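Residue strings, one per chain:
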Amino acid sequence: MTEFLVPTVDISSWAGDGSPEERSRVARDLDHACRTVGFIQIVGHGVPASVTDGLAAAVDDFFTRPLDVKKRYLRPAAENRGYSPPKSESLSYSLGVDPVTRMNDFFEAFNVGASAADYPHAVVAADDYAANTWPAENLDFRTRAESYFAHARRVAHTLTRIFAAALGVEPGWFDTFTDHSLDVLRMNNYALPPGEIELGADLTGMGEHTDFGIVTVLWADQVAGLQILGADNTWHDVQPADGALLVNLGDITARLTNDVWMSTLHRVKPPVVDGTIERRRSVAFFHDGNADATIRTLPQFVPVGEEPLYDPVTVKEHILAKLNGSRAGLKNTTAVREAARVHAAR
Ligand SMILES: O=C(O)CCC(=O)C(=O)O
Ligand SMILES: [Fe+2]
């Protein structure tokens, strides 16, 4: 068994006022992690424990409500907002890979995101930036989710500044296509009542997928379940270290760098102990870029005499093809490179 390590990077010199030497060391470390693993344990992010504790309390408060109450917050799949009940999505369809059974991922989720009103400076299509639905039963839920959202967005922005240094582009390069970014916060709850677990069934908390955007900032509790496909084509268990946020790159960054930086495949398989799933919680903040931005591979990442691995695509086209797979069950036939990696996994 090969050793698998998710590198830890302390970004405090970029989140605060670090020296130029310290900042370039961090950019070098991050570059190495992005080339070799695509997942990083981030410390020094500056998100107070009171904010992540509040987030966890908001998750607990919402998901412990009865199903019929949660279902009041269902929204159309394309909006990417509101409640997704257990077994209503299948992430492997986002890659065009058939899951064992249709729409069988057992996670439930609640999504909020950046709305058109958040970007008064930009002309945006309202259907790409849908308004949020907030649970009426608990006023703290919104305050807590919005507080974490603002911190996660700040961390994502800090990361794109480090990315710019690591990739050798202008410091504000990412800002040119993230000033009205499709940002979504997805709270995930992995739990099924014991009676709903079929013996011997192939249970998947969340099917294998790559994330769709630029970068994901992931808060998770330390219950096992998250697995990452390593360069050795086998799945490895990963948990966030104490106080760390996990960060992973998404497809947009893989496209920008011609796969030199990795949009790493991952999935969630929480442990079943005595016929009961050990409950697990995570909250992913997806920083996806402006819906109308066209993503083209940076020429310096394409070997001389070769074509880029990906054709140009707008963020909106790319995200919709993926969401139509995971949320509407329309197999994505464009994710050829990601699907090939799933089939190569052992
Ligand atoms: O639950 C996790 O740890 C991962 C969630 C995830 O991959 C996602 O929401 O995209
Ligand atoms: Fe993911």
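Residues numbered from 1 in each chain as written. Chains lettered and ligands numbered in written order. Predicted model: local features only at pLDDT ≥ 70, side-chain atom pairs only at ≥ 80, totals over all residues. Heavy atoms only, no water.

**Thoughts on the site of ligand 1**
We count it as follows: Definition of nearness: a residue and a molecule or strand are near each other if at least one heavy atom of the residue lies within 4 Å of the molecule or strand. Throughout this description, a polar contact denotes any pair of N or O atoms lying within 3.5 Å of each other; where both atoms belong to protein, one of them has to be capable of donating a hydrogen while the other can accept it, and for residues adjacent in sequence the pair is counted only when both atoms sit in side chains. Working definition of accessibility: Shrake-Rupley area with a 1.4 Å probe, residue cover restricted to the visible protein chains. A pocket, in this scheme, is an open set of points on a 1 Å grid over the protein atoms alone with protein on both sides within 12 Å along at least 5 of 7 lines, while a cavity is a set where a 1.4 Å probe fits but cannot get out; residues line either one if an atom lies within 4 Å of a point. Think of it this way: if more than half of a molecule's atoms are within 2 Å of a pocket's grid points, that molecule is in the pocket or cavity. Only runs of H or I of at least four residues qualify as helices and only runs of E of at least two qualify as strands under DSSP, and these elements are numbered from the N terminus. Classification convention: Asp, Glu, Lys, Arg as charged; Ala, Val, Leu, Ile, Met, Phe, Trp, Tyr, Cys, Pro as nonpolar; all other residues, Gly among them, as polar.
As a matter of local geometry, ligand 1 sits amid 14 residues, with N188, Y190, H266, R280 and S282 nearest to it. For ligand 1, an oxygen atom lies 3.1 Å from a polar atom in the side chain of N188. In this structure, Y190 approaches ligand 1 through a side-chain N or O atom, which is 2.6 Å from an oxygen atom. Contact with the protein chains hides 97% of the accessible area of ligand 1, taken as 300 Å² for the molecule alone. At a threshold of 2 Å from the grid points, most atoms of ligand 1 map onto the largest cavity. Breaking the shell around ligand 1 down by element, the ones donating at least two residues are β5 (181-190), β6 (206-209), β11 (266-268) and β14 (280-290). Looking at the shell around ligand 1, its residues break down into seven nonpolar, four polar and three charged.

**Thoughts on the pattern of salt bridges**
Opposite charge on two side chains lets them pair, provided their charged atoms get close. Where we set the bar: What makes a salt bridge here is a side-chain nitrogen of Lys or Arg within 4 Å of a carboxyl oxygen of Asp or Glu, nothing more. Between buried and exposed lies partly exposed: a residue is buried under 20% and exposed over 50% of the maximum accessible area for its type, with that area taken using a 1.4 Å probe on protein chains only.
The full count for this structure, using the stated rule, is 16 salt bridges. A salt bridge links D221 to R281; the shortest N-O distance between them is 3.1 Å. Placement of D221 in the loop between β7 (215-220) and β8 (226-229) and of R281 in strand β14 is noted, with a sequence separation of 60 residues between them. Classification of R281 as buried rests on a relative accessible area of 17%. Between D259 and R337 there is a salt bridge whose closest N-O contact spans 2.8 Å.

**Focus on the sheet that holds strand β3 (residues 82-84)**
Where we set the bar: By this definition, two strands are paired if DSSP reports at least two bridges between them. Every angle, taken between N-to-C directions, lies between 0 and 180 degrees, and every axis is a line fitted to C-alpha atoms, over only the stretch in contact when it is a helix. Here a residue-residue contact requires only that any non-hydrogen atoms of the pair lie within 4.5 Å.
Strand order in the open sheet formed by eight strands is β1-β2-β10-β7-β14-β5-β4-β3, and the pairing between neighbours is mixed. Two strands bound the open sheet, and with one partner strand each, they are β1 (8-10) and β3. Taken pair by pair, the neighbouring strands of this sheet meet at an average axis angle of 25°, ignoring direction. Of the pairings in the sheet, the one linking β3 to strand β4 (residues 108-113) comprises three bridges and is antiparallel in character. Its bridge partner being in β4, S84 is matched across the sheet by A109. Sheet strands in contact with helix α7 (residues 315-326) are β5 and β14, and its direction is about 150° off that of β14.

**Quick look at the environment of G18**
The residue G18 is located in the loop between α1 (12-15) and α2 (20-36) in this model. Judged by relative accessible area, G18 falls into the partly exposed class, the value being 26%. Residues G18 and I42, spaced 24 residues apart in sequence, show a C-alpha to C-alpha distance of 16 Å. Leave out the neighbours within four places in its chain, and G18 touches S13 and R23.

**Some remarks on the confidence of the model for the protein chain**
The cut-off we apply is this: pLDDT gives the predictor's per-residue confidence on a scale running from 0 to 100.
Model confidence for the protein chain is summarised by a mean pLDDT of 92, while 96% of its residues fall at 70 or above. Interface confidence for the predicted complex, expressed as ipTM, amounts to 0.99; the pTM equals 0.95.

**Notes on the nonpolar core**
Definition in use: Definition of nonpolar core: a set of buried residues of the types Ala, Val, Leu, Ile, Met, Phe, Trp, Tyr and Cys, connected through side-chain atoms within 4.5 Å.
Core analysis: the largest hydrophobic core is formed by 90 residues, its most contacted members being L30, Y148, L159, F163, M187 and V217. The contact partners of Y148, leaving out residues within four places of it in the chain, are V47, V51, T52, L55, L185, V217, W219, L245 and V283. L95, V97, L229 and L265 belong to the second largest nonpolar core, which has seven residues in total.

**Things to note about the sheet that holds β11**
Hydrogen bonds along the backbone pair up the strands of a sheet, which may run parallel or antiparallel. Spatial strand order, β6-β11-β8-β9: four strands in an open sheet with antiparallel pairing. This sheet does not close on itself; its edge strands, each paired only once, are β6 and β9 (235-237). Sheet twist, expressed as the average angle between the axes of neighbouring strands with direction ignored, equals 20°. Sheet topology places β8 next to β11; three bridges connect them, and they run antiparallel. Looking across to β11, one finds that I228 is bridged to H266.

**Concerning the coordination of the iron ion (ligand 2)**
Defined as follows: Donor atoms: N, O and S within 2.8 Å of the metal, or within 3.2 Å for Na, K and Ca. Because water is excluded, sites can look incomplete.
Here the iron ion (ligand 2) is held by the protein donor atoms H209 (NE2), D211 (OD) and H266 (NE2), which lie 2.1 to 2.2 Å from it. Considered as a linear motif, the donors of the iron ion (ligand 2) on their single chain read H-x1-D-x54-H. Here the residue D211 occupies a position in the loop between β6 and β7, and H266 occupies one in strand β11, the gap between them amounting to 55 residues. Taking relative accessible area as the criterion, D211 reaches 5% and is therefore assigned buried.

**Points about empty space enclosed by the protein**
Applied cut-off: Grid points are joined across faces, edges and corners, and a volume is the space filled by probe spheres set on the points.
According to the stated counting rule, one finds one cavity of 30 Å³ or more in the structure shown. Taken as a whole, the largest cavity spans an internal volume of roughly 330 Å³. Elements supplying a minimum of two residues to the lining of the largest cavity: β5, β6, β7, β11, β14 and α7. In terms of residues, the lining of the largest cavity owes the most to one element, β14, which gives five residues. Classifying every residue of the lining of the largest cavity by side-chain character gives 13 nonpolar, ten polar and five charged.

**Digging into the packing of α2 against helix α5 (residues 139-167)**
Formally: Should an angle fall under 35 degrees it is called roughly parallel, over 145 degrees roughly antiparallel, and 65 to 115 degrees roughly perpendicular, with every other angle called oblique.
At a closest axis distance of 9 Å, the pairing of α2 and α5 adopts a crossing angle of 85°. The angle between the axes of α2 and α5 places the two elements in the roughly perpendicular class. Contacts from R23, V26, A27, L30, D31 and C34 of α2 reach α5 at L159, R161, I162, F163, A165 and A166. Each residue belonging to the contact of α2 with α5 can be placed in one class, and the counts come to nine nonpolar, no polar and three charged.

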